[in-house]
Amino acid sequence: MAAEDDAPAGAPLTKQEFEALARFRFGIRRYLRFSEVTVRRHGLTPQQYQLLLALKGFPDREWATIRELAERLQLRHHSVVELVDRAQGQDLVTRAANPDDARSVRILLTAQGEQVLDRLSALHRDELRRLDAALTPPHRGAAVPAAESGTV
């Protein structure tokens, strides 16, 4: 990270901006905690859920390579290989030959992986809707929330 990346841009933050940042951070942490507890209750690790979500949400296709998943999950290649191995052992994903590149394989969701992901993702969507109140700033007269004004 370059030193200029650490330099704040513009004026010091206002109290409302600190409140918006704190509210946002609280919402993120609450959501991540919910996710961890929920996926474990359904027999997966948080990383396995993230793997399934990365596969289903991969742009423009229904599969991804290990390298692409490593980038999406921000993990090392060998860590994703181990994660895929465990998920394959639970019949959540499968490997298939990649006709475009013999050096790689395609990772795809299985029917069981789709079912688990559908159930867990619906629960996550519902939690995000519940968090809306925690992330939405209280109304302060005619003031525009910092997040909407583009200052945070």
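For the structure itself, consult the block above.
Residues numbered from 1 in each chain as written. Predicted model: local features only at pLDDT ≥ 70, side-chain atom pairs only at ≥ 80, totals over all residues. Heavy atoms only, no water.

### Describing the overall build of the protein
Each helix and strand counted, the protein has six helices and three strands in total. Secondary structure elements of the protein occur, N-terminal to C-terminal, as α-α-β-α-α-β-β-α-α. Put simply, the protein has 152 residues, and 30% of those count as buried. When contacts within the protein are restricted to residue pairs at least 6 apart in sequence, long-range pairs at least 24 apart make up 53% of them. Total accessible area on the protein is roughly 10,200 Å²; 54% of this is exposed by carbon and sulfur atoms. (Helix = DSSP H or I, 4+ residues; strand = E, 2+ residues; numbered from the N terminus. Buried < 20%, exposed > 50% of the residue type's maximum accessible area, 1.4 Å probe, protein only. Contact = heavy atoms within 4.5 Å. Areas by Shrake-Rupley, 256 points an atom, 1.4 Å probe, with all protein chains shown as cover.)

### Focus on the sheet that holds strand β2 (residues 93-97)
Reading across from one edge, β1-β3-β2 is the order of the three strands in this open sheet, with antiparallel pairing throughout. Edge strands, defined here as strands with exactly one partner in the open sheet, are β1 (63-64) and β2. Sheet contacts for helix α2 (residues 46-56): β1, β2 and β3 (105-109); angle to β3, the most-contacted strand, approximately 105°. Across the face of the sheet, helix α4 (residues 77-89) comes into contact with β2 and β3 while running at roughly 115° to β2. (Pairing = 2+ DSSP bridges. Axes fitted to C-alpha atoms, helices over the stretch in contact; angles between N-to-C directions.)

### Things to note about α4
With 13 residues, α4 should cover 18 Å at 1.5 Å per step; its first-to-last C-alpha distance of 18 Å lies within 8% of that length. Val80, Leu83, Val84 and Ala87 are the residues of α4 that are buried. Down the axis of α4, the sector holding all buried residues measures 100°, keeping them to one side. Tucked into the core, α4 has its buried residues touching α2, α3 (66-73), β2 and β3. Note on α4: the residue one or two positions beyond its end, Asp91, has a positive phi of about 60°. (Expected span 1.5 Å × (residues − 1). Arc of directions from axis to C-beta.)

### Describing the nonpolar core
Counting residues in each nonpolar core, the largest one holds 24 residues, and the members touching the most others are Leu51, Leu52, Leu55, Leu69, Val84 and Val93. Going through the elements one at a time, α2, α3, α4, β3 and α5 (111-135) are the ones with two or more residues in this core. When residues in this core are grouped by element, the largest group, five residues, is from α2. (Core = buried A, V, L, I, M, F, W, Y, C linked by side-chain atoms within 4.5 Å.)

### Some remarks on unusual backbone geometry
With a phi angle near 60°, Gln74 is a residue other than glycine that sits in the positive phi range. For Gln74, the position within the fold is in the loop between α3 and α4. Residue classification places Gln74 among the exposed residues on the basis of a relative accessible area of 62%. Even without being glycine, Asp91 reaches a positive phi, approximately 60°. With respect to the helices and strands, Asp91 occurs in the loop between α4 and β2.

### Observations concerning the packing of aromatic side chains
Under the counting rule described, the total for this entry stands at zero aromatic pairs. The lysine or arginine in question, Arg61, covers the ring of Trp63, its NZ or CZ lying 3.8 Å from the ring centre. Looking at Arg106, its charged tip hangs above the ring of Trp63, at a distance of 4.0 Å from the centre. (Phe/Tyr/Trp six-rings, centres within 6.5 Å; stacked < 30°, edge-to-face > 60°. Lys NZ or Arg CZ within 6 Å of the ring centre and 35° of its normal.)

### Examining the environment of Asp101
Of note, Asp101 is situated in the loop between β2 and β3. Among the polar contacts listed, one links the side chain of Asp101 to the backbone nitrogen of Arg103, at a separation of 3.0 Å. (Polar contact = N/O pair within 3.5 Å; in protein donor to acceptor, adjacent residues only side chain to side chain.)

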